[in-house]
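Analysis of the macromolecular model
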Amino acid sequence: MELSTLSLKELGNALRKKAVSAREITGAFLERIKRFNPDLNAFVTVAEEQALAAANEADLRLARGERVTPLTGIPVAVADTICTKGIKTTCASRILENFIPPYDATVVSRLQEAGAVVIGKTNSDEFGAGTTTGYSAFGPVCNPWDKNREPGGDGGAVAVAAGLAPLAISFDTGGNLRRAAAFCGVAGLKPAYGSVSRFGLAALAPSLEQIGPLARQVEDLALLYQVLAGPDPLDATSLPAGAPGRSGQEFTGTAATGRPGLRIGLPREYFAGEELQAEVKDLVLAATGILTEKDGEQVDLSLPSTGYALAAHILLAAAEASSSLARYDGVRYGYRSPEAADIDLLYKKTRTEGFGREAKRRILLGTLVLSAECYGDYYLNAQKVRTLVIREFTEAFTKCDLILTPVTRELPGRAGEEKSPLRQYQDESYTVAANLAGLSGLSVPCGLVDGLPVGVQLLAPAGREDLLFQVARTLEKAVGRFSSPFLRG
Amino acid sequence: MNYETVIGLEVHVELKTEAKVFCGCAARFGAEPNTHVCPGCLGMPGVLPVLNKKAVEFCIKAGLALQCRIAPFSMFDRKQYFYPDLPQAYQISQGDLPLCTGGGLKIVTPGGEEKIIRLNRIHLEEEAGRTYHSGAGATGYSLLDFNRSGLPLIEIVTEPDLRSPAEAKIFLEKLQEILRYIEVSDCKMEEGSFRCDANISVRPAGSQEFGRRMEIKNLNSFKAIQSALTYEANRLGSLLAAGTPPEQEESRGWDETRGMTFFMRPKEKATDYRYFPDPDLPPLVIAEEWVEEIRAGLPELPEEKKARYMEEYGLSAQDADLLGSSRETAEFFEATLRLYSGEVKTVANWVMGEFARLLNLEKLTPIQSKLEPEALAAMLQMIDAGEISGKIAKTVFEEMFYSGKPPREIVAEKGLAQISDESQLVVLVREILAQHPGPVADYRAGKTKALGFLVGQVMKETKGQANPGLVNKLLREELEKLP
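Anyway, here's the lowdown on the structure attached to this text. As the structure is a computational prediction, the values presented were derived from the model and not from experiment.

Calculation rules
Residues numbered from 1 in each chain as written. Chains lettered and ligands numbered in written order. Predicted model: local features only at pLDDT ≥ 70, side-chain atom pairs only at ≥ 80, totals over all residues. Heavy atoms only, no water. Helix = DSSP H or I, 4+ residues; strand = E, 2+ residues; numbered from the N terminus. Rg over C-alpha atoms; globule rule 2.2 N^0.38 Å. Buried < 20%, exposed > 50% of the residue type's maximum accessible area, 1.4 Å probe, protein only. Contact = heavy atoms within 4.5 Å. Areas by Shrake-Rupley, 256 points an atom, 1.4 Å probe, with all protein chains shown as cover. Lys, Arg positive; Asp, Glu negative; His and termini not counted. Charge placed at Lys NZ, Arg CZ, Asp CG, Glu CD. Pairing = 2+ DSSP bridges. Salt bridge = Lys/Arg side-chain N within 4 Å of Asp/Glu carboxyl O. Buried area = accessible area lost by both parts, 1.4 Å probe. Axes fitted to C-alpha atoms, helices over the stretch in contact; angles between N-to-C directions. Parallel < 35°, antiparallel > 145°, perpendicular 65-115°, else oblique. Nonpolar A, V, L, I, M, F, W, Y, C, P; charged D, E, K, R; others polar. Core = buried A, V, L, I, M, F, W, Y, C linked by side-chain atoms within 4.5 Å. Phe/Tyr/Trp six-rings, centres within 6.5 Å; stacked < 30°, edge-to-face > 60°. Lys NZ or Arg CZ within 6 Å of the ring centre and 35° of its normal. Arc of directions from axis to C-beta. Left-handed = near helix turned anticlockwise from the far one by under 90°. Polar contact = N/O pair within 3.5 Å; in protein donor to acceptor, adjacent residues only side chain to side chain.

**Concerning the overall build of chain B**
- Counting secondary structure elements, chain B contains 15 helices and 17 strands.
- Relative to its length of 483 residues, chain B is extended, with a C-alpha radius of gyration of 31 Å against a globular reference of 23 Å.
- If you line up chain B on its principal axes, its C-alpha atoms span 100 × 55 × 55 Å.
- Expressed as a percentage of its 483 residues, the buried residues of chain B come to 50%.
- Taking the intrachain contacts of chain B between residues at least 6 apart in sequence as the baseline, contacts between residues at least 24 apart amount to 69%.
- Per element, the accessible surface of chain B, about 22,800 Å² overall, is 52% carbon and sulfur.
- In chain B, 57 positive and 71 negative side-chain charges are present, and the distance between their average locations comes to 4 Å.

In structure tokens:
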């Protein structure tokens, strides 16, 4: 049986029918990782021993007829910025090269409670600061559709697209997860702020980032999201149960029913610029047509602050990064420069040697942004823009049910291509608003251009992940799924 | 020329909650290093702060006891600087939106004048860990203890309303008294749970402008506070008198052994702490009802208590002060009063006298001692009923203090009951008269002083247990009867 192409449901059925054991499933994916990861570099750490133990445990549960969930015995790849007890968690940074957390992130505990198997830790830019994985301390990740292209900023999307894991969880600070999903031809969700606990996610920009699921199918994405979402007493920013914006745990409506009267908002500012590649634009607009052809409506919108959103995001993300990354000082854990003669040198050398280029750039920029001289001009003004962005979206959602935009401006770039920092930040032009406004953003494939996948972004207010899943499923039905060369025999 | 000293204080007070302020670790002083720590208070990746509601309640309590406004909306900010015992490289504190604002505390100046010292604010923050330096140079090293990391701390900031080191000391003592009273902190300077930075400047008397301000850091005892401020006031005064006022604002330290302050760094070079709102903590929203609930639960404060003692019990200001300034003492005093029907002053005298003496001797607080208000009340009743003498009572009291036994049991065990049986005493009186013909003759010759000697003999014979009034009466009667 070729396990790597099966959906979550199919894997679950095979398990329950005893056609395959959890150990065999995990073993098969471990094999694929061994075979393909040296080329792709999607995983920083493969947790073979722990994964096989968890798979055995799942087999015991199944054998004893105990309660199982859709995730029991299913391997999940976990981003290496998410803490896993007893498994190295490097954040793709030299400064945490040998860090083994003594605790699990809440999402990891939830996966384990559901019987899932953490198969390994996936690569990304250092602490997620970047858009191409080019800033990983452990080398860039390759795009499984074309190894000479960048995959977006997330190894989890690559792992799923290449069939190295059926599912992955990762994080999204400005669009890295959604962009990687689009470039790798898989589905990825950045949940609304507070939907999923951030406890155990090594922070880069705490007010912007969320942990989210990645899968090859929308239905799998929804099932995985249900396991991740929910209130957490360990995260004060997690929405309490029953709060407005906290969606219920059940998404029964992922079936591809064309929603009658669906109003899809198309913000002018996201389609107007010349930087949007024509082929990408055409595919995205075609997707809009598919979704509204029967009974839907396209609503023309304007989000005037869009042009400032990216600048605000750059400033806030840098400000928060400078603070979040300050704890890595070599004193208590992580990398420590061996040559420091005093405490100031210890800080300087440890951080100089431990952090890569982009992390340093954000630390410097963020330190400037928060300095007494610049705080008012940069930090406060960025927060004001953020408020405007939130207002504009709130207003927009009175006119439409969801908003549809491109995920990326263009097709995946050449691997190793040198971009100016600004150009690199612009990679996230279409995705940062969801982080600023705390919206749910789902990236789902809508077609191929030159054999490379293109994604469409669906945005909804907090608590409407159910709508995103439904609509994404409709689109998926219409355009079909896209299998990377790694999944075609 | 006369100079005026202007002082403002920043007081850091550790709250005595069970748990730390942003994690579940126990808040304990004096434990083995690094035994009350977790990934949270060690600043490990991804661990998030969860606010301890008790710490907020204690801060509000302090705010209410000090007449502050409690902000319905306040924020936590990150105060950022690198130090090895600051695990996240930022301290979670409150910047421009603190939990308590305004307020004040009334003191009586050394000159006897009543004066309100206004408060600027009280905010809630977390404590850093502790660094222990050892040796120096190439062989020197530092050890870190994170047990303290994340303990809840409040910072109380006064307006520049204090006018002398003595006033500063009075203010701090008063503040300590109140915070102990409302049971939010032990306020132990020697353990670091009550510490203070002082801002001081000196100006010509009558001037409206402030002089250049010096900040003296880390004053860890009342003695240090008074000595350092006195030294600094004199130093600044001399500079003014010499026509060379200080050129810059400075942070200064206090050298206890040399008895002088020393230059640390200019104020302008102070660290830019890059405060910004902590994205991990939502704004702190306080419901009015909760504040009222806390207010209703506040104990009677020392000032109110003392006023009531004077008014209701007719105690002197001095007695009211002695009894009212420690909550435990006041509670012991009042509990005894409720159980005893005699004079208030009698209870007051025993609490301020013998009880205070023994507590002091043994370095105990009323609650730590074995003596219960019930026992003291019972003993006082026994004195009133003539069952024991006042002199014997001191012995009984001491025994109660150390053993915790009820007075009746002690009296019975030790045979300390007063002898008031006339028939028993009269026999003894006659014996004594027979044994001492000399003094008897003296008495009969009009030397009434001899009676004292005879009373003493009876008391000696009864080991002090004879009822002295009765002995007196019986001796007179028997002497009259002599032929």
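**Remarks on the pairing of strand S4 (residues 167-172) of chain A**
Residues and elements named next belong to chain A.
- The buried count for S4 comes to six of six residues, which makes it a mostly enclosed element.
- Residues of S4 alternate between two faces, with Leu167, Ile169 and Phe171 on one and Ala168, Ser170 and Asp172 on the opposite face, all of them buried.
- Bridge count for S4 against strand S6 (residues 210-215) is six bridges, and the pairing is antiparallel. When the sheet's bridge partners are listed, Ser170 is paired in S6 with Gly212.

**Let's talk about the pattern of salt bridges**
- Inspection of every chain in the model, using the stated rule, returns 67 salt bridges over all chains.
- A salt bridge links Asp161 of chain B to Arg118 of chain B; the shortest N-O distance between them is 2.8 Å. Linking Asp161 of chain B in the loop between strand S11 (152-158) and helix H2 (165-181) with Arg118 of chain B in strand S8 (residues 114-126), this pair joins segments that are 43 residues apart in sequence.
- Within the structure, one salt-bridge network assembled from shared partners comprises Glu150, Arg179, Glu410, Lys419, Arg423 and Asp427 of chain A.

**Focus: the interface of chain A and chain B**
- Facing 38 residues of chain A, the contacting portion of chain B comprises 30 residues.
- When the two sides are added together, the surface that chain A and chain B hide from each other amounts to roughly 2,600 Å², 62% of it contributed by carbon and sulfur.
- Considering only the surface of chain A that becomes buried against chain B, Ser323, Arg327 and Arg332 of chain A emerge as the three largest contributors, covering 22% of it.
- Along the contact surface separating chain A from chain B lie one salt bridge.
- A salt bridge links Arg198 of chain A to Asp280 of chain B, with the shortest nitrogen-to-oxygen separation between them at 3.0 Å.

**What about the sheet that holds strand S8 (residues 297-301) of chain A?**
All names here are of chain A.
- Ordered in space as S1-S3-S2-S4-S6-S5-S10-S11-S9-S7-S8, the 11 strands form an open sheet in which the pairing is mixed. Each edge of the sheet is formed by a strand with only one pairing partner; in this case those strands are strand S1 (43-46) and S8. Pairs of neighbouring strands in the sheet enclose a mean axial angle of 30 degrees, with direction left out of account.
- Sheet analysis places strand S2 (residues 75-79) next to strand S3 (residues 117-122), joined by five bridges and oriented parallel. Each bridged residue has a counterpart across the sheet, and for Ala79 the counterpart in S3 is Thr122.
- Helix H9 (residues 278-292) rests against strand S7 (263-267), S8, strand S9 (402-406), strand S10 (440-449) and strand S11 (452-460) of the sheet, and its axis sits at about 110 degrees to S10.

**Some points on helix H4 (residues 106-113) of chain A**
All names here are of chain A.
- Among the residues of H4, Thr106, Val107, Val108, Arg110 and Leu111 are the ones counted as buried.
- Tucked inside the fold, the buried residues of H4 contact S2, S3, S4, S6 and helix H7 (218-228).
- Trailing H4 by a residue or two, Gly115 shows a phi angle of about 90 degrees, which is positive.

**Some thoughts on the packing of helix H6 (residues 317-324) of chain B against helix H7 (residues 327-339) of chain B**
Residue and element names in this part refer to chain B.
- The N-to-C vectors of H6 and H7 enclose an angle of 110 degrees; their axes lie 7 Å apart at closest approach. Between H6 and H7, the angle falls in the class roughly perpendicular. Contact residues: H6 offers Leu322, Leu323 and Gly324, while H7 offers Thr329, Ala330 and Phe333.
- Here the residues of the contact of H6 with H7 sort into four nonpolar, two polar and no charged.

**Notes on the sheet that holds strand S16 (residues 276-277) of chain B**
- The strand order across the open sheet formed by three strands is S5-S4-S16 (chain B), and the pairing between neighbours is antiparallel. For this open sheet the edge positions go to strand S5 (90-93) and S16 of chain B, each flanked by a neighbour on one side alone.

**Some thoughts on the nonpolar core**
- With 136 residues, the main nonpolar core has Ile82, Leu111 and Phe393 of chain A as its most contacted residues.
- Setting aside its immediate chain neighbours within four residues, Phe393 of chain A contacts Tyr270, Leu303, Ile403, Ala433, Ala437, Leu439 and Leu459 of chain A.
- Within the second largest apolar cluster, 66 residues are counted, among which are Ile7, Ile60, Cys100 and Trp254 of chain B.

**Quick notes on unusual backbone geometry**
- The phi angle at Phe127 of chain A is positive, at roughly 55 degrees, despite the residue not being glycine.
- Within the secondary structure layout, Phe127 of chain A lies in the loop between S3 and helix H5 (155-161).
- Relative accessible area serves as the criterion here: at 0%, Phe127 of chain A is assigned to the buried category.
- Its identity as a non-glycine residue notwithstanding, Gln67 of chain B has a phi of 65 degrees, on the positive side.
- In this fold, Gln67 of chain B is placed in the loop between helix H1 (53-65) and strand S2 (69-70).

**Here's the deal with the packing of aromatic side chains**
- Throughout the structure, instances matching the rule amount to 25 aromatic pairs over all chains.
- Seen from their ring centres, Trp350 of chain B and Phe397 of chain B are 5.3 Å apart, and the 35 degrees between their planes marks the pair as tilted. Linking Trp350 of chain B in helix H8 (residues 344-362) with Phe397 of chain B in helix H10 (residues 390-403), this pair joins segments that are 47 residues apart in sequence. Of the two residues, Trp350 of chain B and Phe397 of chain B, neither departs from the other in class, the shared state being buried.
- Taken together, the aromatic side chains of Phe332, Trp350, Phe355, Phe397, Phe401 and Tyr402 of chain B make up a single cluster linked through ring pairs.
- Arg94 of chain A extends its terminal NZ or CZ atom over the ring of Tyr335 of chain A, reaching a point 4.7 Å from the ring centre.
- Over the ring of Tyr273 of chain B we find Lys79 of chain B, and its NZ or CZ is 4.4 Å from the ring centre.

**Some thoughts on H6 of chain B**
Residues and elements named next belong to chain B.
- Among the residues of H6, those classed as buried are Asp319, Ala320, Leu323 and Gly324. The buried residues of H6 occupy an angular sector of 115 degrees when projected down its axis, which confines them to one face. With respect to the buried face of H6, the exposed residues turned more than 90 degrees away are Gln318 and Leu322.
- The secondary structure elements touched by the buried residues of H6 are H2, helix H5 (302-313), H7 and H8.

**As for the packing of H7 of chain B against H8 of chain B**
Residues and elements named next belong to chain B.
- In the contact formed by H7 and H8, the axes pass within 10 Å of each other and the chain directions differ by 140 degrees. Accordingly, the angle class assigned to the pair H7 and H8 is oblique. When the axes of H7 and H8 are compared, the crossing they make is right-handed. Contacts from Thr329, Phe332, Phe333, Thr336 and Leu337 in H7 reach Val344, Val347, Ala348, Val351 and Phe355 in H8.
- Here the residues of the contact of H7 with H8 are counted per class, giving eight nonpolar, two polar and no charged.

**Some words on the environment of His133 of chain B**
All names here are of chain B.
- On the secondary structure map, His133 appears in strand S9 (residues 130-134).
- For His133, a relative accessible area of 59% translates into the label exposed.
- In sequence terms His133 and Leu281 are 148 residues apart; their C-alpha atoms lie 33 Å from each other.
- There is a polar contact of 2.7 Å between the side chain of His133 and the side chain of Ser142.

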